[in-house]
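The primary structure of each chain is shown beneath.
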Amino acid sequence: MASTSSPVHLDYYSFPLIALNYTTRQKLSLYLNPEAVTAFNWTHLAEEMDYNYLEIRNFERFPDPTSSLLDDWQKKHSKATVGELLNLLQKIERNDVLTDLTPLIDGDCQKYLKKTDESSKSPPVQVETVDSSGGQYITTRDDPSGHLPEQFDAFICYCAQDISFVQEMISRLEQTEHNLKLCVFDRDVLPGTCLWSITSELIEKRCRKMVVVISDDYLDSNECDFQTKFALSLGPGATERRLIPVKYKPMKRPFPSILRFITLCDNTNPHMQGWFWDRLTKALKK
């Protein structure tokens, strides 16, 4: 008799909120956006996320406050995991949401696991381009029809060890008067499609610039190496305008030779530290 495999137990707290795809987020909005006398809505979820009164009122100006709330939460808080979201939904007694959306959430988490497995593999020699105009959506704010693919000011090329600096970059450039829109893969990209195809689509068609966070760990990252070389291959004559290498801490190893002819934004230089973020902003807006 053939054996049947038991379902895989998922630790939801190990999955960042970005694991939830567009469809799941839209259905969550359908449950939480409406004001209802008999059920708690997104405002109560925001309170459980420790947002204050003025912050919650600010979300009301968005057409989809639940989606905007989730986007902001995942940007600002390290505890923004799938497990914590489910815990908060239970706290506000939205068991109906938990019951109806758990199958979708399970599927999203399985796809996220598959994506992270793919990220550890070497990229193919040739990359199949993802056509965002053909109805495929790859970021959390994409139009599912593909008619309005999400656009960014810059793609951020970084390795996992440098995530704290990337989080500072988000705070400095997105959440201030600079109002830039950065593409941070672990935050903005939906799981489930070929990692290398998605990356090439984002760099070539969705992002005006690319910031390359240079560090000793960057030199060991196959993913960063692929992203940098792909961007360089798109327009050798426009490299200076497209790529912006950033060095934020001292390095023990030589600076990558393929970027040595491009102007560097160097935050390790004491003469530049005072205006580092302004200079980076100007380079991104140029």
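Above: the structure in question.
A brief look at the structure comes next. These figures come from a predicted structure and were not determined experimentally.

A look at the overall build of the chain
For step 1, the next point in the chain: Of the regular secondary structure elements, the chain holds 12 helices and five strands.
For step 2, the next point in the chain: Every one of the 286 residues in the chain was classed for burial, and the buried ones make up 48%.
For step 3, the next point in the chain: Counted over contacts in the chain with a minimum sequence separation of 6, partners at least 24 positions apart contribute 71%.
For step 4, the next point in the chain: Counting only carbon and sulfur atoms, one obtains 51% of the accessible surface of the chain, whose full area is about 14,900 Å².

Notes on the sheet that holds strand 5 (residues 265-266)
For step 1, the next point in the chain: Pairing is parallel in the open sheet, where five strands are placed in the order 2-1-3-4-5. The sheet is open, and its two borders are formed by strand 2 (182-183) and strand 5, each paired with just one other strand.
For step 2, the next point in the chain: Across two bridges, the pairing between strand 4 (residues 243-247) and strand 5 is parallel. Bridging from a neighbouring strand, Val 246 pairs with Cys 265 of strand 5.
For step 3, the next point in the chain: Along the sheet face, helix 9 (residues 195-206) touches strand 1 (152-157), strand 2 and strand 3 (207-214) and points at about 125° away from the line of strand 3.

Let's talk about the pairing of strand 4
Successive side chains on a regular strand alternate, one facing one side of the sheet and the next facing the other.
For step 1, the next point in the chain: The buried fraction of strand 4 is high, at five of five residues.
For step 2, the next point in the chain: Every second residue of strand 4 is oriented toward a common face, with Leu 243, Pro 245 and Lys 247 on one face and Ile 244 and Val 246 on the other, all of them buried.

Observations regarding empty space enclosed by the protein
For step 1, the next point in the chain: In the structure shown here, the tally under the stated rule is one cavity of 30 Å³ or more.
For step 2, the next point in the chain: In terms of residues, the lining of the largest cavity owes the most to one element, helix 6 (residues 95-119), which gives four residues.
For step 3, the next point in the chain: Looking at the lining of the largest cavity residue by residue, the classes come out as nine nonpolar, one polar and no charged.

Brief notes about the nonpolar core
For step 1, the next point in the chain: Judged by nonpolar contacts, the single largest core of 31 residues is most densely connected at Leu 45, Met 49, Leu 85 and Leu 89.
For step 2, the next point in the chain: Put simply, the parts of the chain that give this core at least two residues each are helix 1 (22-32), helix 2 (42-48), helix 3 (53-59), helix 4 (65-76), helix 5 (82-91) and helix 6.
For step 3, the next point in the chain: Counting residues per element, this core draws most heavily on helix 6, which supplies six residues.
For step 4, the next point in the chain: If near-sequence neighbours (up to four positions away) are discounted, Met 49 is found in contact with Leu 69, Leu 70, Trp 73, Leu 85 and Leu 88.

Details of the environment of Lys 249
For step 1, the next point in the chain: Of note, Lys 249 is situated in the loop between strand 4 and strand 5.
For step 2, the next point in the chain: The exposure class assigned to Lys 249 is partly exposed, which follows from its relative accessible area of 29%.
For step 3, the next point in the chain: As for Lys 249 and Ser 215, which are separated by 34 residues in sequence, their C-alpha atoms are 7.2 Å apart.
For step 4, the next point in the chain: Beyond its immediate chain neighbours, meaning those up to four positions away, Lys 249 contacts Asp 162, Ser 215, Asp 217 and Thr 268.

Here we look at the packing of aromatic side chains
For step 1, the next point in the chain: In this structure the tally under the stated criterion is six aromatic pairs.
For step 2, the next point in the chain: Note on Phe 276 and Trp 277: the rings are 4.9 Å apart at their centroids and 80° apart in plane angle, and the pair reads as edge-to-face.
For step 3, the next point in the chain: Joined through ring pairs, the aromatic side chains of Phe 165, Tyr 248, Phe 276 and Trp 277 make up one cluster.
For step 4, the next point in the chain: Lys 181 extends its terminal NZ or CZ atom over the ring of Phe 152, reaching a point 5.2 Å from the ring centre.

So, the packing of helix 1 against helix 4
For step 1, the next point in the chain: Relative to each other, helix 1 and helix 4 sit at 120°, their axes nearing to 8 Å. Here helix 4 runs oblique to helix 1, going by the angle between their axes. In this structure, helix 1 uses Arg 25, Leu 28, Ser 29 and Leu 32 to contact helix 4, whose residues at the interface are Thr 66, Ser 67, Leu 70, Asp 71 and Gln 74.
For step 2, the next point in the chain: For the contact of helix 1 with helix 4, the per-class residue count stands at three nonpolar, four polar and two charged.

Thoughts on helix 1
For step 1, the next point in the chain: Taken residue by residue, helix 1 has Tyr 22, Thr 24, Arg 25, Leu 28, Ser 29 and Leu 32 as its buried positions. The buried residues of helix 1 all sit within an arc of 165° when viewed along its axis, so they share a single face.

Cut-offs and rules
- Residues numbered from 1 in each chain as written.
- Predicted model: local features only at pLDDT ≥ 70, side-chain atom pairs only at ≥ 80, totals over all residues.
- Heavy atoms only, no water.
- Helix = DSSP H or I, 4+ residues; strand = E, 2+ residues; numbered from the N terminus.
- Buried < 20%, exposed > 50% of the residue type's maximum accessible area, 1.4 Å probe, protein only.
- Contact = heavy atoms within 4.5 Å.
- Areas by Shrake-Rupley, 256 points an atom, 1.4 Å probe, with all protein chains shown as cover.
- Pairing = 2+ DSSP bridges.
- Axes fitted to C-alpha atoms, helices over the stretch in contact; angles between N-to-C directions.
- 1 Å grid on protein atoms, 1.4 Å probe; cavity = no way out; pocket = protein on both sides within 12 Å on 5 of 7 lines; lining within 4 Å.
- Points joined across faces, edges and corners; volume = space filled by probe spheres on them.
- Nonpolar A, V, L, I, M, F, W, Y, C, P; charged D, E, K, R; others polar.
- Core = buried A, V, L, I, M, F, W, Y, C linked by side-chain atoms within 4.5 Å.
- Phe/Tyr/Trp six-rings, centres within 6.5 Å; stacked < 30°, edge-to-face > 60°.
- Lys NZ or Arg CZ within 6 Å of the ring centre and 35° of its normal.
- Parallel < 35°, antiparallel > 145°, perpendicular 65-115°, else oblique.
- Arc of directions from axis to C-beta.

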